[in-house]
Amino acid sequence: MSGGLLVAGTTSDAGKSVVTAGICRWLVRQGVKVAPFKAQNMSLNSFVTREGAEIGRAQAMQAQACRVEPTALMNPVLLKPGGEQSSQVVLLGKPVGELSARGYHGGRQQKLLGTVLDCLAELRGTYDAVICEGAGSPAEINLRRTDIVNMGIARNARLPVLVVGDIDRGGVFASFFGTVALLSREDQEFVAGFLVNKFRGDVSLLEPGLDMLHGLTGRRTYGVLPFRHGLGIDEEDGLRVSLRGTVRESNVSPPVGEDVLRVAVCAIPLMSNFTDVDALAAEPGVVVRFVDRPEELADADLVVIPGTRGTVRALEWLRERGLAEAIVRRAAEQRPVLGVCGGFQILGEHIEDEVESRQGHVEGLGVLPVRVRFARGKTLARPAGKALGERVEGYEIHHGIADVTGGEPFLDGCRVGQTWGTHWHGSLESDGFRRAFLREVAAAAGRRFVPAPDTSFAALREEQLDRLGDLIDQHADTDALWRLIESGAPQGLPFIPPGAPA
């Protein structure tokens, strides 16, 4: 078997990443050697592979669903927005420059098609099946000419396409029909059918509509996935945190101690790898919320300044909103503050930035004895060490080089009183370290909070991926899905007018 499938969506956030992960986990449980693939991803949430390559976090989690180690082949092109008009282009795990949207779609994107197809071919030569994820909608007719992630790759690699629609938003039948009808005749030949996501209620009430959709398009629906609270994998963008949703919306044990612990995460611009706080939210009794006003810090036991793709811009935003002053005051009062990556840099004395913002010398909050200089090269690493008497693993993705001149050592950063700073993402996923850190926070905050002794973040992730696999197994036509992956789109699918404009 050397099968493949492209999971497309009627819109962004229709559930492509989740469905792809679910299909991957279902397949691997059938004994299939499977890998994920997304030709081009736009995301501020990224991950570092063991070989030091940067890829989207969604693809790293899909690799976990496949029970394989993530590699750069699984996400050869990653775009990291630096503002409304430009993004850093990461090719095969390494940054190669900044491009405007017009510059990228105006020619550079199409030149990457060969690289993308080579990566997919290498994966298909290694694995029994490769489950690909599209981006946005395949019917973005203004971008079709240079597309390398939706129908462009489906046609070149001859992949059947499954279109996912989020029925919870409404208008799913129109979205399915319109998606097919806006594709060219040649593209339509690869669209095999549909999958309904996030359905609430009695499926029998939906079936007449599915029958009519089949009559209109000649394409079947491969499954209706029910709405489930807290399902998801690491988000590409936005403010929804997957495991926070799992913990808050499912039946979670009450706090082990007498108090809860309140964590406020500053919702800074171009926030990146905010999935760091998933591990905090996984603890019973820890309440995580995103904030953008200084008064929202008042009752917080811990304030987190997360990573960002625009450190200087985030610092200006904190000052404009009055949050910077509140953070400095907290630090002086010995109330816990944690800065991660860009957040760590913000807490320092000053920043020399001729790379990201190009603003030169910028004063930081001055809370930590750290001076930061932005280098053109990017640090991509998977460090490991000890802190608070516990083993810690993490990953680093940053241009800023920190010169730590004082304080107590803390991972690669430092600690002064109850203010902590590090470039390490993912450190809180180390269970022993997370519990030790939360005990320190609780003591400093005067809370009678006790971390649960048996919370395993890795086990929670595995449980979540198994739930996604269960959704496919129980609510999709898996026999038909298997044939689709193995044999491609059915022959003789009808053309739905009007098709793409000339």
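Scroll up to find the structure.
Residues numbered from 1 in each chain as written. Predicted model: local features only at pLDDT ≥ 70, side-chain atom pairs only at ≥ 80, totals over all residues. Heavy atoms only, no water.

J.: What is the right way to look at the overall build of the protein chain in this model?
T.: Looking only at helices and strands, the protein chain features 16 helices and 27 strands. What you see for the protein chain is a C-alpha radius of gyration of 23 Å, in line with the 23 Å of a compact globule of 502 residues. Structurally, the protein chain occupies a C-alpha span of about 70 × 50 × 40 Å along its principal axes. The buried share of the protein chain, taken over its 502 residues, is 59%. Residue pairs at least 24 apart in sequence account for 74% of intrachain contacts in the protein chain once pairs closer than 6 positions are excluded. Summed over its atoms, the accessible surface of the protein chain is roughly 19400 Å², and 48% of this surface lies on carbon and sulfur atoms. The distance from the centre of the 55 positive side-chain charges to the centre of the 63 negative ones in the protein chain is 2 Å. (Helix = DSSP H or I, 4+ residues; strand = E, 2+ residues; numbered from the N terminus. Rg over C-alpha atoms; globule rule 2.2 N^0.38 Å. Buried < 20%, exposed > 50% of the residue type's maximum accessible area, 1.4 Å probe, protein only. Contact = heavy atoms within 4.5 Å. Areas by Shrake-Rupley, 256 points an atom, 1.4 Å probe, with all protein chains shown as cover. Lys, Arg positive; Asp, Glu negative; His and termini not counted. Charge placed at Lys NZ, Arg CZ, Asp CG, Glu CD.)

J.: Teacher, can you tell me more about the side chain of T478 here?
T.: By the secondary structure assignment, T478 is in helix 16 (residues 478–487). Classification of T478 as buried rests on a relative accessible area of 17%.

J.: Is there a simple way to think about the sheet that holds strand 7 (residues 86–91) in this case?
T.: Across a sheet, paired strands are connected by hydrogen bonds in the backbone, their directions being either parallel or antiparallel. If you trace the four strands from one edge of the open sheet to the other, you get 3-6-7-8, paired in mixed fashion. Whereas interior strands pair on both sides, the edge strands pair on one side only; in this sheet they are strand 3 (40–42) and strand 8 (94–100). Mean inter-strand twist for the sheet, computed between neighbouring axes without regard to direction, equals 25°. Note: strand 7 against strand 8, six bridges, orientation antiparallel. Across the sheet, V90 pairs through a bridge with P95, a residue of strand 8. (Pairing = 2+ DSSP bridges. Axes fitted to C-alpha atoms, helices over the stretch in contact; angles between N-to-C directions.)

J.: When you look at the packing of helix 2 (residues 57–66) against helix 15 (residues 457–475) in this model, what are you seeing that I'm missing?
T.: A pair of packed helices can be characterised by two numbers: the angle between their axes and the separation between those axes. Axis separation between helix 2 and helix 15 bottoms out at 10 Å; the angle between their running directions is 80°. As summarised for this structure, helix 2 and helix 15 are arranged roughly perpendicular, according to the angle between their axes. Packed against helix 2, whose contacting residues are R57, M61, Q64 and A65, the element helix 15 presents R461, E462 and L465 at the interface. Here the residues of the contact of helix 2 with helix 15 are counted per class, giving three nonpolar, one polar and three charged. (Parallel < 35°, antiparallel > 145°, perpendicular 65-115°, else oblique. Nonpolar A, V, L, I, M, F, W, Y, C, P; charged D, E, K, R; others polar.)

J.: What should I look at first to understand the nonpolar core in this one?
T.: One recurring pattern in soluble globular proteins: nonpolar side chains tend to sit buried together. Among the nonpolar cores identified, the biggest contains 64 residues, and L280, I305, L318, I327 and L338 are the most heavily contacted of them. Residue contacts for L280: discarding those within four places in its chain leaves V263, V286, V288, L302, V304, L428, R434 and L438. Of all hydrophobic cores here, the second largest spans 47 residues; its members include L6, I148, M151 and F194. (Core = buried A, V, L, I, M, F, W, Y, C linked by side-chain atoms within 4.5 Å.)

J.: Help me understand helix 15, please; the structure alone is not making it clear to me.
T.: Because an α-helix completes one turn every 3.6 residues, residues spaced three or four positions apart along the sequence face the same direction. Relative to the 27 Å expected for 19 residues at 1.5 Å per residue, helix 15 spans 27 Å between its end C-alpha atoms, a close match to the ideal helical length. When helix 15 is considered as a whole, its buried residues turn out to be F457, R461, Q464, L465, L468, G469, L471 and I472. Down the axis, helix 15 shows its buried residues gathered within 145° of arc, on one side only. (Expected span 1.5 Å × (residues − 1). Arc of directions from axis to C-beta.)

J.: Explain the side chain of T179 to me, please; I cannot follow it from the model alone.
T.: Mapping T179 onto the fold places it in helix 6 (residues 172–181). Given a relative accessible area of 6%, T179 falls into the buried group. A polar contact is formed between the side chain of T179 and the backbone oxygen of S175, at a distance of 2.6 Å. Not counting residues within four places of it along the chain, the set of residues in contact with T179 comprises T10, P138, A139 and V163. (Polar contact = N/O pair within 3.5 Å; in protein donor to acceptor, adjacent residues only side chain to side chain.)

J.: Would you mind showing me how to read the environment of V34 here?
T.: Position of V34 relative to the elements: it lies in strand 2 (residues 34–37). Distance from V34 to R124, taken between C-alpha atoms, is 9.0 Å for residues 90 residues apart in sequence. Once residues lying within four places of it in the same chain are set aside, the contact partners of V34 are C24, L27, V28, C66, V68, Y127, A129 and I131.

J.: Where do I start with the packing of aromatic side chains in this structure?
T.: The geometry of an aromatic ring pair comes down to the distance between the two centres and the angle between the two planes. According to the stated counting rule, one finds seven aromatic pairs in the structure shown. Consider the rings of W26 and W482, whose centres lie 6.2 Å apart with planes at 85°: the pair is edge-to-face. Residue W26 is located in helix 1 (residues 16–29), and its partner W482 is located in helix 16; the two are separated by 456 residues in the primary sequence. Taking the relative accessible area as the measure of exposure, W26 reaches 4% and is therefore buried. The structure contains a cluster of three or more aromatic residues connected by ring pairs, namely F410, W420, F433 and F437. In this arrangement the basic side chain of K33 is found over the ring face of Y127, its NZ or CZ atom lying 5.3 Å from the centre. Across the ring face of F495, the terminal group of R185 is positioned such that the distance to the ring centre comes to 4.1 Å. (Phe/Tyr/Trp six-rings, centres within 6.5 Å; stacked < 30°, edge-to-face > 60°. Lys NZ or Arg CZ within 6 Å of the ring centre and 35° of its normal.)

J.: Quick question: what am I supposed to make of unusual backbone geometry here?
T.: Peptide bonds are, in most cases, trans, and in most cases residues other than glycine have a negative phi. Of note, the amide linkage connecting P497 to P498 takes the cis form, showing an omega dihedral of 15°. In this fold, P498 is placed in the segment after helix 16. Here L92, not a glycine, exhibits a phi torsion of approximately 50°, which is positive. As for its position among the elements, L92 is in the loop between strand 7 and strand 8. The class for L92 is partly exposed, based on a relative accessible area of 38%. The backbone phi angle of L388 is positive, close to 55°, even though this residue is not glycine. Along the polypeptide, L388 turns up in the loop between strand 22 (384–387) and strand 23 (390–393). For L388, a relative accessible area of 31% puts it in the partly exposed group.

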